[in-house]
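What follows is each chain in one-letter form.
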Amino acid sequence: MLYVIYMSKYALFSVYDKRTIGPFASAVVDAGYVIAATPGTGNELQLAGIPFVPISEITKNPDALKDCLQSFSFYTAGGIVYSRSNERHLRELEAEQIPSIDIVVCNLTDVEDTVKTESDFDIQHVDLGGVSLLQAAAINYRDVLAISSPDDYDAAIDHIKAGTLDRDFRKEMAVRTFSRIAVYEQTLASVLLHSDRP
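Worth saying up front: this structure is predicted, and the values here are computed from it rather than measured.

Calculation rules
Residues numbered from 1 in each chain as written. Predicted model: local features only at pLDDT ≥ 70, side-chain atom pairs only at ≥ 80, totals over all residues. Heavy atoms only, no water. Helix = DSSP H or I, 4+ residues; strand = E, 2+ residues; numbered from the N terminus. Contact = heavy atoms within 4.5 Å. Areas by Shrake-Rupley, 256 points an atom, 1.4 Å probe, with all protein chains shown as cover. Core = buried A, V, L, I, M, F, W, Y, C linked by side-chain atoms within 4.5 Å. Buried < 20%, exposed > 50% of the residue type's maximum accessible area, 1.4 Å probe, protein only. Phe/Tyr/Trp six-rings, centres within 6.5 Å; stacked < 30°, edge-to-face > 60°. Lys NZ or Arg CZ within 6 Å of the ring centre and 35° of its normal.

### Points about the overall build of the protein chain
Across its full length, the protein chain holds nine helices and five strands. Helices and strands in the protein chain line up, N terminus first, as β-α-β-α-β-α-α-α-β-α-α-β-α-α. The contacts of the protein chain with a sequence gap of at least 6 include a subset with a gap of at least 24, amounting to 67%. Carbon and sulfur atoms provide 52% of the accessible area of the protein chain, an area that totals close to 10,400 Å².

Okay, here's the thing in structure tokens:
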């Protein structure tokens, strides 16, 4: 018999492009998910009257280095990558009180806007947590939905409302996510390659 996770299903929200985040988040909440949001995204949700919990309640990260590690931790990564059919994983999640994160909504910073020169190439401008969490969700597409662009919100809403968040749709979103991450990282590589600084 599989162990029961101790808490609700979660959706992690951390977005740079906040266009139309309100209607999408509202649909996610209506479907029974608890949203865990980073501070900037949380501010946008609060303005729209959408309930959420601060991501810090999930990450359990200390205040130190919070400008570097807002969303990534053992608890968020673990809640994404665990196997939903692995009894040992389920026991360990319950023992460690790790939340089950079934949807990850992240879109990456606009490199052309934030990383124009090598002097901008630092943790303040280059996305660390978003890339890591999206990769984790996309790798575990059999159980987790990765949404990496506002362009995918409408399709995701349709599937959420219809109760058809199936493996085929999650796989399609995983492919798009890996493609977007590849473009993002290639753009970062180009910034360094063409930099005049040593």
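More follows now that the structure is in view.
### Observations concerning the nonpolar core
In this structure, Phe13, Phe24, Val28, Ile35, Val105 and Ile147 are the most contacted members of the largest nonpolar core, which totals 24 residues. Breaking this core down by element, the ones donating at least two residues are β1 (9-15), α1 (21-30), β2 (34-37), β4 (100-107), β5 (145-147), α8 (153-162) and α9 (167-193). Residues within four places of phenylalanine 24 in sequence aside, it is in contact with Phe13, Val105, Ile147, Tyr153, Ala156, Ile157 and Ile160. One finds Ile58, Leu134, Ala137 and Ala146 within the second-largest nonpolar core, a separate group that totals 23 residues.

### Here we look at the side chain of threonine 41
Position of threonine 41 relative to the elements: it lies in helix α2 (residues 39-47). A relative accessible area of 1% places threonine 41 in the buried class. For threonine 41, the contacting residues outside a window of four places in its chain are Phe13, Ser14, Val15 and Lys18.

### Observations concerning the packing of aromatic side chains
Scanning the entire structure with this criterion turns up three aromatic pairs. A network of ring pairs unites the aromatic residues Phe13, Phe24 and Tyr153 as a single cluster. A cation sits over an aromatic face here: lysine 9 above tyrosine 33, 4.3 Å from the ring centre. Positioned above the aromatic ring of tyrosine 82, the side-chain terminus of arginine 84 is 3.9 Å from the ring centre.

So yeah, pure geometry; function would need other evidence.
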